[in-house]
Protein chains: 4
Amino acid sequence: MIKAGIVGAGGYAGATLINILLRHPEVKIVWLMSEDAHKGKKIADLYPHLTGEIDLACQTLDDLDKNLDAVDLVFLALPHGIAINYVPKIIDAGKKVVDLGADYRFSDNKIFKQWYGIEHKTEKYLSQAVFGLPELFRSEIKKTKLIGNPGCYPTASILGAAPLVKNGLIELDSIIVDAKSGITGAGRGATLKTHYCERNEGLEAYAVTNHRHMGEIEYQLSRISGHQLNVTFVPHLAPMSRGILATIYAKAKQQVDDQALTALYKEFYKDEPFVKIFDDKAPNTKYVAGTNNCVIAVQYNECTGRIIVLSVIDNLVKGAAGQAVQNMNLICGFPETTGLKQITVFP
Amino acid sequence: MIKAGIVGAGGYAGATLINILLRHPEVKIVWLMSEDAHKGKKIADLYPHLTGEIDLACQTLDDLDKNLDAVDLVFLALPHGIAINYVPKIIDAGKKVVDLGADYRFSDNKIFKQWYGIEHKTEKYLSQAVFGLPELFRSEIKKTKLIGNPGCYPTASILGAAPLVKNGLIELDSIIVDAKSGITGAGRGATLKTHYCERNEGLEAYAVTNHRHMGEIEYQLSRISGHQLNVTFVPHLAPMSRGILATIYAKAKQQVDDQALTALYKEFYKDEPFVKIFDDKAPNTKYVAGTNNCVIAVQYNECTGRIIVLSVIDNLVKGAAGQAVQNMNLICGFPETTGLKQITVFP
Amino acid sequence: MIKAGIVGAGGYAGATLINILLRHPEVKIVWLMSEDAHKGKKIADLYPHLTGEIDLACQTLDDLDKNLDAVDLVFLALPHGIAINYVPKIIDAGKKVVDLGADYRFSDNKIFKQWYGIEHKTEKYLSQAVFGLPELFRSEIKKTKLIGNPGCYPTASILGAAPLVKNGLIELDSIIVDAKSGITGAGRGATLKTHYCERNEGLEAYAVTNHRHMGEIEYQLSRISGHQLNVTFVPHLAPMSRGILATIYAKAKQQVDDQALTALYKEFYKDEPFVKIFDDKAPNTKYVAGTNNCVIAVQYNECTGRIIVLSVIDNLVKGAAGQAVQNMNLICGFPETTGLKQITVFP
Amino acid sequence: MIKAGIVGAGGYAGATLINILLRHPEVKIVWLMSEDAHKGKKIADLYPHLTGEIDLACQTLDDLDKNLDAVDLVFLALPHGIAINYVPKIIDAGKKVVDLGADYRFSDNKIFKQWYGIEHKTEKYLSQAVFGLPELFRSEIKKTKLIGNPGCYPTASILGAAPLVKNGLIELDSIIVDAKSGITGAGRGATLKTHYCERNEGLEAYAVTNHRHMGEIEYQLSRISGHQLNVTFVPHLAPMSRGILATIYAKAKQQVDDQALTALYKEFYKDEPFVKIFDDKAPNTKYVAGTNNCVIAVQYNECTGRIIVLSVIDNLVKGAAGQAVQNMNLICGFPETTGLKQITVFP
């Protein structure tokens, strides 16, 4: 049993962490922090569905110092560039950190700066950080105290593309990721972009050539392949609350077929509790809602020589809070699936 | 640990039962039955989100005899009029039954016939049946082996109105229930009524003066009040998958106020694990999705002397499968909340 | 051909006015005004669907004086309490006004103050204002230059209840309106209340005992009946963009039947181009989306003696901009349906 | 003024034709035909939003002979393979035909057979048919009496890709179309695939390597380019009623930039009334709902050398009925935009 604090509890990722941790047998949430506007508010007033489940009120990051002793691990769910200022203190206090933001996802400071416009002043902490995608980097994760939890699009995209990249099956400069996300991906902030009537019955692409997750996908797939590669990544907002579908296109180096590809994926992920490979059913974002699962299917278009991978996750679970808990389980020595066996509430 | 069979596994209530029971520590699902068209099909082919969770294929009711020995309890999720033909056999075999259909919700055969057009040929089994609304009939439930699990609208409506009716606060002929349901309430059958494009962005009432749940609400509220009463009940279909909101109107016998009413409701349900009374927040169907909870708020319009009760449930959980498991827990001697502590996946 | 200006063009009612007027053969939009934040912005930048349709940029109310000469009529779509400050000037300049806000819906200053907390300093202009519900007050409308355009809920509710009230068929203190609205009713402002993920898959009541439209419904139904009456009115937000369904309950003074009621409604509205009475189909909000129509059906519950009226409109058209144009047609002498013959884009 | 008949009036494309034609100043609908199950039913009973707008009942194709004299032009909205059997008779009777199905979209009988498994027995009529995409084939369209109206996905895809293909800017084997459609694309038939609860909050790909519209896109783009080319086409179903967004990826032959590409598109479509090129706003399917417009934007990813085109249409209007009316206007000599100037009902 460990004690955990959550910074950024007022956002959707934070609220999803609360949901999962309240039923996790090895964790007790001891405090919550959120933005200044939430200071002193009960989390159940911000999220009425939590009424009767948790009685904590929100503090702010100003209260971090005095609360650090009380916890073994801190979850950070913050906009990029903020965690940098707090992680050193938390690590120095001997606590573990799972950072759901972008600050510790790149071990290369230059590339982080290129995409986010800021830089780590010291590489001391950066060098300890591990990209928390357990299916690909489990052994490193187990050894660290500082996790850079992957972004939502990168989780779906990298899990979808990794078997092709790692096995050298595709032309590396041919990868295109056409990703579709539910609107929780835009956060709980109220803007015209998240207004019900502006989103309902509408579909659009955004950040067509410059979404920051493109950098994360490229960086990690380059690590996996051993070669520097670029990816064409176009995100879309779909009229639904949850879920990401990444449709991945890549040119096969030589002719393959659906069965062989599917077998390859099944072999690649055969020991993974959270990855399911579908043979002949289409992965639908509905099938993973509320779960830490990633469902993948793969097909080959023989006329064009292109492999098409379909990869779905729940952006708030496997794409954020669930994967954070999976990483926490790993760095704390709990069985990896503890607290993460939810079944989709369908439909 | 008991063994259970599910009849009607292919419908949404059946699938929700599977979801809940797969994580229930005291139950093992040993067989599934569904309609003829599903015979031999894996349930995970009908519901791909169950892939990897359960490996059973569907049988049909023709296979009931040979499968009865294998179970301790049978869940029936069938259209009305069918359970009647199978319940005697199951009870005679010494098994317990939770019937999610309408056949055993009325202890009075005449009233059942009046609303459903069929009748129980023998009252032998009917007399054993208990209306499975634990918040109101828990002690009777614990003594029986045959549960008539309440309908979805009646669950929300009766829980919402009971404190007023039982305490004699309202004019009994003044009750109006304006109920709004998600589309899972119409079942998984594909008709124009359940077609996405016909329902999306649309709201309509149906069965304005003759919905069968009106009979169930009247019958049970009459029992609770000790007087025969009639209810105006109008159901509506709202463009969402899950949830019921019952807005209940009743004329107060004398002036009251919001605080006193709320206190009364809190007292009435003070020991109930699945009923929450909100003070100053509006119950939203989203707050109970995927849970066995009923959230209620109550207000008083002093200009018109009318009490307004807002009662929300998830129609497939507290309105069907969750309540069925709650009843199973009671008749099997398990703690009542076993397997039912889900937190809403919000948003 | 007249020239019109629109104040409040940036909101949904304003944008709907633009849509309708751009195809109206007798009107030319000559200027638009909106909030300060929109100053200088092209309306097609605020509403990209208008690209290529209209080239005007937004001014603000500070620019009213210098723009007044250029128009014959001004539409005001403003939060309550603001129109009061500008209407005298516009009227004094000899221009016509259709005010979509609440300021001129009550001819009684005291009742306006009671519900809105402000008052008209002079009754000079108030006494000219006519409540713009043409189906009930057409002859008065034709004689005025100042229209208080009805609210959305009142339009659906009053049209639904008027035949009962006017014909003395119901007990006047028995009227309950359970109204459900799409989210455009909450405006284009981005708040947690209009956030996609907070509204999607959720249904809730709000302002249960004190919505200002209750006052408007009571005031106008009292005028129609000739007696002071109170109404229980509970609005709900449904997960859809457009549409209002008002489900109206009232106690019949004596037994009636569905056919007689339906015939009465058909007779009552027999000359109305925008009101349709359904016999045996349920009015769905989808059937009127994008149109100026109101569809009504009426039924009788003989067990409880209650009449149930179902009344649907598009809240932005018949509930706002469409009715405003209908009123404009009347006060400008155009045929009443000019520019308003849209057919629902279904589905 | 011409007289038209509609075959397949009961489907969504048929209903959309009715909507448009009822307000078209040059057309009178004189009869409707639909499937056997609709025989004798009023169209307003199948589509209650048409109540009061049209009083025709449905006949069936058995009634074609006796009705042919009454019309100048027939719209056919039928599943593929059926129009083949009726078009010769209609053409021989001297009538014009706009076929919304697939039967006359391929001038090459072999390719039609390859994708649809059936063949035209005689090429006599096929050779008269013109692919009805006016923006690319207007002059041919004007000369014929038989239009093969394009499919929905092909309309969005071909309009989006044509400027690149025709100007030789891209590697022809690099085209990928990731298309997302609303659920009206699946028709009004009630199946599990169109069930509200199965589609809501879900996104999935389908027919990943073999959708028939892939053949149509390839065939027409090959005509435009003058070279045989293949396209990777993956359609998706998004949780919304209407709209298609085609996200098109292609490898540029040489480096370009966003401005030059946008200018090229504007030039290419400069005389087209229904094509709008956006500079810096994302085309959203909402912006074209209910209209005959196609909105396109184009960007260049300089790291990967890929051009990304975003093309949106309303699948039932520009993707079906609206384009059919546009073609009708052309072959009947009416101004091309007659009856097609709808503005999106937003939001």
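So, how was this worked out
Residues numbered from 1 in each chain as written. Chains lettered and ligands numbered in written order. Predicted model: local features only at pLDDT ≥ 70, side-chain atom pairs only at ≥ 80, totals over all residues. Helix = DSSP H or I, 4+ residues; strand = E, 2+ residues; numbered from the N terminus. Rg over C-alpha atoms; globule rule 2.2 N^0.38 Å. Buried ≥ 20, exposed ≤ 12 C-beta atoms within 10 Å, placed from the backbone. Contact = placed C-beta atoms within 7 Å. Axes fitted to C-alpha atoms, helices over the stretch in contact; angles between N-to-C directions. Parallel < 35°, antiparallel > 145°, perpendicular 65-115°, else oblique. Left-handed = near helix turned anticlockwise from the far one by under 90°. Nonpolar A, V, L, I, M, F, W, Y, C, P; charged D, E, K, R; others polar. Least-squares fit on C-alpha atoms with pLDDT ≥ 70 in both. UniProt positions renumbered as here; feature names shortened; annotations may be inferred. Domains from an automatic or database assignment. Pairing = 2+ DSSP bridges. Right-handed = clockwise from strand over helix to strand, strands pointing away. Expected span 1.5 Å × (residues − 1).

### Side note on the overall build of chain A
Tallying secondary structure elements over chain A gives twelve helices and 14 strands in all. What you see for chain A is a C-alpha radius of gyration of 20 Å, in line with the 20 Å of a compact globule of 347 residues. The proportion of buried residues among the 347 residues of chain A is 59%. Sequence separation of 24 or more characterises 71% of the internal contacts of chain A that already satisfy a separation of 6 or more.

### Side note on the packing of helix 5 (residues 109-116) of chain D against helix 10 (residues 212-225) of chain D
Residue and element names in this part refer to chain D. Running from N to C, helix 5 and helix 10 cross one another at 155°; their axes reach a closest spacing of 9 Å. The orientation of helix 5 relative to helix 10 falls into the category roughly antiparallel. Considering the relative orientation of helix 5 and helix 10, their crossing is right-handed. Contacts between helix 5 and helix 10 involve Ile111, Trp115 and Tyr116 from the first element and Arg212, Gly215 and Tyr219 from the second. Its residues assigned to classes, the contact of helix 5 with helix 10 shows four nonpolar, one polar and one charged.

### Brief notes about the relation of the copies chain D and chain A
Superposition record for chain D on chain A: RMSD 0.0 Å, screw rotation 180°, translation along axis 0.0 Å. In short, the pair behaves as if placed about a two-fold rotation axis. The position closest to the rotation axis in chain D is occupied by the C-alpha of Pro239 of chain D, lying 3.2 Å away.

### So, the UniProt feature "active site" (unreviewed entry) in chain A
All names here are of chain A. Sequence positions flagged by UniProt for "active site" (unreviewed entry) are, in local numbering, Cys152. Within the secondary structure layout, Cys152 lies in helix 8 (residues 152-166). On the basis of neighbour count, Cys152 is assigned to the buried category, with 28 C-beta atoms found within 10 Å. Among all residues touching Cys152, those that are not within four sequence positions of it are Ser181, Gly185, Ile244, Asn315, Gly319 and Ala320.

### A few points about the domain arrangement of chain A
Residue and element names in this part refer to chain A. Domain annotation for chain A reports domain 1 (2-150 + 318-332) and domain 2 (152-315). In this complex, domain 1 contributes 19 residues to the contact, which on the side of domain 2 involves 27 residues. Those elements that place two or more of their residues in the side of domain 1 that touches domain 2 are helix 5 (109-116), helix 7 (134-143) and helix 12 (317-332). Looking at the side of domain 1 that touches domain 2, its residues break down into eleven nonpolar, five polar and three charged.

### A closer look at the sheet that holds strand 1 (residues 2-7) of chain B
Residues and elements named next belong to chain B. Reading across the sheet, the seven strands line up as 3-2-1-4-5-7-6 and stay open at both edges, with parallel pairing between neighbours. Looking at strand neighbours, the two that pair on one side only are strand 3 (58-59) and strand 6 (130-131), the edges of this open sheet. The pairing of strand 1 with strand 2 (residues 27-33) spans six bridges and is parallel. From the neighbouring strand, Ile6 faces strand 2, where its bridge partner is Leu32. Contacts from helix 1 (residues 12-22) reach strand 1, strand 2 and strand 4 (73-76) within the one sheet, and its direction differs from that of strand 1 by about 160°.

### Re the pairing of strand 1 of chain B
Residues in a regular strand point their side chains to alternate faces of the sheet. Residue and element names in this part refer to chain B. Handedness of the β-α-β unit built from strand 1, helix 1 and strand 2 comes out right-handed. In the sheet, strand 1 pairs with strand 4 via four bridges, with the strands oriented parallel. Within the sheet, the bridge partner assigned to Val7 lies in strand 4 and is Leu76.

### Overview of the interface of chain B and chain A
Contacts between chain B and chain A engage 26 residues on the former and 26 residues on the latter. In terms of residue count, helix 1 of chain B provides more of the side of chain B that touches chain A than any other element does, four residues in total. Here the residues of the side of chain B that touches chain A are counted per class, giving eleven nonpolar, eight polar and seven charged.

### Description of the environment of Leu100 of chain D
Residues and elements named next belong to chain D. When you line up the elements, Leu100 lands in the loop between strand 5 (96-99) and helix 5. Taking the C-alpha atoms as reference, Leu100 lies 9.1 Å from Pro79; in sequence the two are 21 residues apart. In contact with Leu100, other than residues within four places in its own chain, are Ala13, Phe75, Leu76, Ala77, Asn149, Ala320 and Ala324.

### Here's the deal with unusual backbone geometry
A cis amide bond links Phe346 of chain B to the next residue, Pro347 of chain B, at an omega of -10°. Looking at the element boundaries, Pro347 of chain B is found in the segment after helix 12 (317-332). Non-glycine residue Glu201 of chain A carries a positive phi angle of around 60°. Mapping Glu201 of chain A onto the fold places it in the loop between helix 9 (196-199) and strand 9 (204-205). Even without a glycine there, the phi angle at Ala207 of chain B is positive, about 45°. With respect to the helices and strands, the residue Ala207 of chain B is situated in the loop between strand 9 (204-205) and helix 10 (212-225).

### Overview of the sheet that holds strand 8 (residues 176-181) of chain B
Sheet architecture is open: seven strands sit in the order 9-10-8-11-14-13-12 (chain B), paired in mixed fashion. Looking along the sheet, the strands with just one partner apiece sit at the ends: strand 9 and strand 12 (275-277) of chain B.

### Some words on the pairing of strand 8 of chain B
Residue and element names in this part refer to chain B. Strand 8 sits mainly inside the fold: six of its six residues count as buried. Every second residue of strand 8 is oriented toward a common face, with Ile176, Asp178 and Lys180 on one face and Val177, Ala179 and Ser181 on the other, all of them buried. Pairing of strand 8 with strand 10 (residues 232-237) involves six bridges; the strand directions are parallel. Pairing of Val177 across the sheet is with Phe233, part of strand 10.

### Notes on the interface of chain D and chain A
Taken together, the contact pairs 39 residues of chain D with 39 residues of chain A. For the side of chain D that touches chain A, the secondary-structure elements that each account for two or more residues are strand 8 (176-181), helix 9 (196-199), strand 9 (204-205), strand 10 (232-237), strand 11 (244-251), strand 13 (294-301) and strand 14 (306-313) of chain D. Along the lines of polarity and charge, the residues of the side of chain D that touches chain A split into 19 nonpolar, twelve polar and eight charged.

### Re the UniProt feature "domain: Semialdehyde dehydrogenase NAD-binding" (unreviewed entry) in chain A
Per the UniProt entry, the sites bearing "domain: Semialdehyde dehydrogenase NAD-binding" (unreviewed entry) are residues 3-144 of chain A in this numbering. Spanning residues 3-144 of chain A, this segment combines 32% helix with 17% strand, and its end C-alpha atoms are found 18 Å apart.

### Notes on the environment of Gly160 of chain D
All names here are of chain D. Mapped onto the fold, Gly160 is located in helix 8 (residues 152-166). In this structure the C-alpha to C-alpha distance between Gly160 and Phe346, which are 186 residues apart in sequence, comes to 24 Å. The residues touching Gly160, leaving out its near neighbours within four places in the chain, are Ala246, Ile248, Ile296, Val309 and Ser311.

### Details of helix 10 (residues 212-225) of chain C
Residues separated by three or four positions in an α-helix point in the same direction, a consequence of the helix having 3.6 residues per turn. Residue and element names in this part refer to chain C. With 14 residues, helix 10 extends 20 Å from end C-alpha to end C-alpha; this agrees with the ideal 20 Å at 1.5 Å per step. For helix 10, the complete set of buried residues consists of His213, Met214, Gly215, Glu216, Ile217, Glu218, Tyr219, Gln220 and Leu221. Looking at the buried residues of helix 10, the elements they touch are helix 5 (109-116), strand 6 (130-131), helix 8 (152-166), strand 8 (176-181) and strand 10 (232-237). Downstream of helix 10 by a residue or two, Gly226 has a phi angle that is positive, lying close to 85°.

### Structural notes on the packing of helix 7 (residues 134-143) of chain B against helix 12 of chain B
Residues and elements named next belong to chain B. Contact geometry of helix 7 with helix 12 gives a least axis separation of 9 Å together with a crossing angle of 35°. Crossing geometry of helix 7 relative to helix 12 is assigned as right-handed. Touching Pro134, Arg138, Ile141 and Lys142 of helix 7 are Gln326, Asn327, Leu330 and Ile331, all from helix 12.

### Considering the environment of Gly101 of chain B
All names here are of chain B. Relative to the elements of secondary structure, Gly101 occurs in the loop between strand 5 (96-99) and helix 5 (109-116). The buried category is assigned to Gly101, around which 23 C-beta atoms lie within 10 Å. Each C-alpha atom of the pair Gly101 and Leu78 lies 5.7 Å from the other, and the pair is 23 residues apart in sequence.

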